[in-house]
Every structure is written in structure tokens, then in C-alpha cells.
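So the chains spell out like this:
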Amino acid sequence: LIRNRATIGGNLATASPIGDAAPMLLALDAIVHVAGSSGRRSIPLSSFFTGYRKTAMNAGELITAVEIPKPVSEFVRFYKVAKRRLDDISTIAAAMAIDVEANGKVRRARFAFGGVAATPVRVVEAETAIVDQPWNDAAVERVQAILDRTLQPMTDHRGSREYRLELSKTLVEKYHWEHAL
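Because the structure is a prediction, the values reported are computed rather than measured.

Participant: Please provide a residue-by-residue account of the side chain of Gln144, values included.
Facilitator: Its location among the elements puts Gln144 in helix α4 (residues 137-150). What makes Gln144 buried here is its relative accessible area of 12%. Apart from the residues within four sequence positions on either side, Gln144 is in contact with Lys169, Thr170 and Glu173.

Given below as C-alpha cells:
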């Protein structure tokens, strides 16, 4: 009944760790604009989620806009893995964005995931580990090693901790492969 009435603001405000919009918007460095009786303010999405189903919004505040700064990265992808093809909650959602210089070195990278922690997360350590480095198999392996150390997926009926972690690493490989095409 709500399929055609959902909003991006509602998807973010629920602060679900497996919401689909958050990883993509994290990879795009989105900013959430909120308003309440005390005025308006802007919150970078990277600091919007404060805990399981908790946000930086104060009581009585509403999301009024979600801003995606330009320019958007050159190569952006979103991946959703679920048991069913349609209308299913994600086992994992991932978004990646990268800018590569003409010399093959990474200028900017974003790796964001849902379903791997209590909140949707950007893996900043992985991003900084490949900046000014060639975007190649070795970079993918560095990112995967960091995911091994930093992600804390949950286990539930959609997938085990181990499955979600391996899936996250495989999606980075897929992203690299698609970028090489």
C-alpha cells in the first residue's frame, strides 16, 4: 500500500541499517536538511546516523531536503542483494563511487554499505587507503582487507555475518570489474 508513497526522507529518518537509500546517498556525500521549531540546519549524511535506528535529528525536526553535491563521481554503482528479486529487504546494500585520474590513480573514493553494522556506514579507512594509488587488483585487495577488519555484519534470517562480509568484499571486486569495462 505504501509502495508509491515512500520518500527518501522517510527512508533515511527510519535509520534502518539495511535501508536502500542510505548507502547510495553516503557514496554521493549527501547532506540532509532538517527543520524544526528551533530553525533549520544541515547535517552531512556521514554523521546523520548515530546508532541503531537513531539519527542526529532532534525531537520535532523533519527532513526538508536531501542535497547531493555536484559534481557527482565519474563512476558510481549501487548494488542490492536480497533473497527475492522484487519487494524484498536487502541482505546487503552497497554503493561505490570513484574518480580516477588519467594516470590511473584514484583521486577520490567512496565505499558505503548497509546491512554490515548497526547503521549504514561509509568505510573511510578503505577510501583513504587507495587515494593516490592505482585502481587495480592490489587496491581491491587493500579495500577487502580493511572490510575484513572494520565491518561488523549482523546475522539474521537473510544471511550470516560471514556471508554478508564475503558478499561485501565480492561487491568491491564486481565494482572494480565493471569499472575496467
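Participant: Break down the pattern of salt bridges for me, with residues and values.
Facilitator: Scanning the entire structure with this criterion turns up 17 salt bridges. Residue Arg41 is joined to Glu61 by a salt bridge in which the shortest nitrogen-to-oxygen separation is 2.8 Å. Of the two residues, Arg41 sits in strand β2 (residues 39-44) while Glu61 sits in the loop between β4 (54-55) and β5 (62-67), which places them 20 residues apart along the sequence. Within this structure, Asp29, Glu74, Asp99, Glu101, Arg107, Arg108, Arg110, Arg122 and Glu127 form a network of salt bridges that share partners.

Participant: With reference to specific residues and values, describe the sheet that holds β5.
Facilitator: The three strands are arranged β2-β1-β5 in an open sheet whose pairing can be described as antiparallel. Looking at the sheet topology across the chains shown, the edges are occupied by β2 and β5. This sheet shows a mean twist of 25 degrees between the axes of neighbouring strands, independent of strand direction. Where strand β1 (residues 31-36) and β2 come together, six bridges link them in antiparallel fashion. Residue pairing across strands places His33 opposite Ser42, the latter belonging to β2.

Calculation rules
Residues numbered from 1 in each chain as written. Predicted model: local features only at pLDDT ≥ 70, side-chain atom pairs only at ≥ 80, totals over all residues. Heavy atoms only, no water. Helix = DSSP H or I, 4+ residues; strand = E, 2+ residues; numbered from the N terminus. Buried < 20%, exposed > 50% of the residue type's maximum accessible area, 1.4 Å probe, protein only. Contact = heavy atoms within 4.5 Å. Salt bridge = Lys/Arg side-chain N within 4 Å of Asp/Glu carboxyl O. Pairing = 2+ DSSP bridges. Axes fitted to C-alpha atoms, helices over the stretch in contact; angles between N-to-C directions.

So yeah, pure geometry; function would need other evidence.
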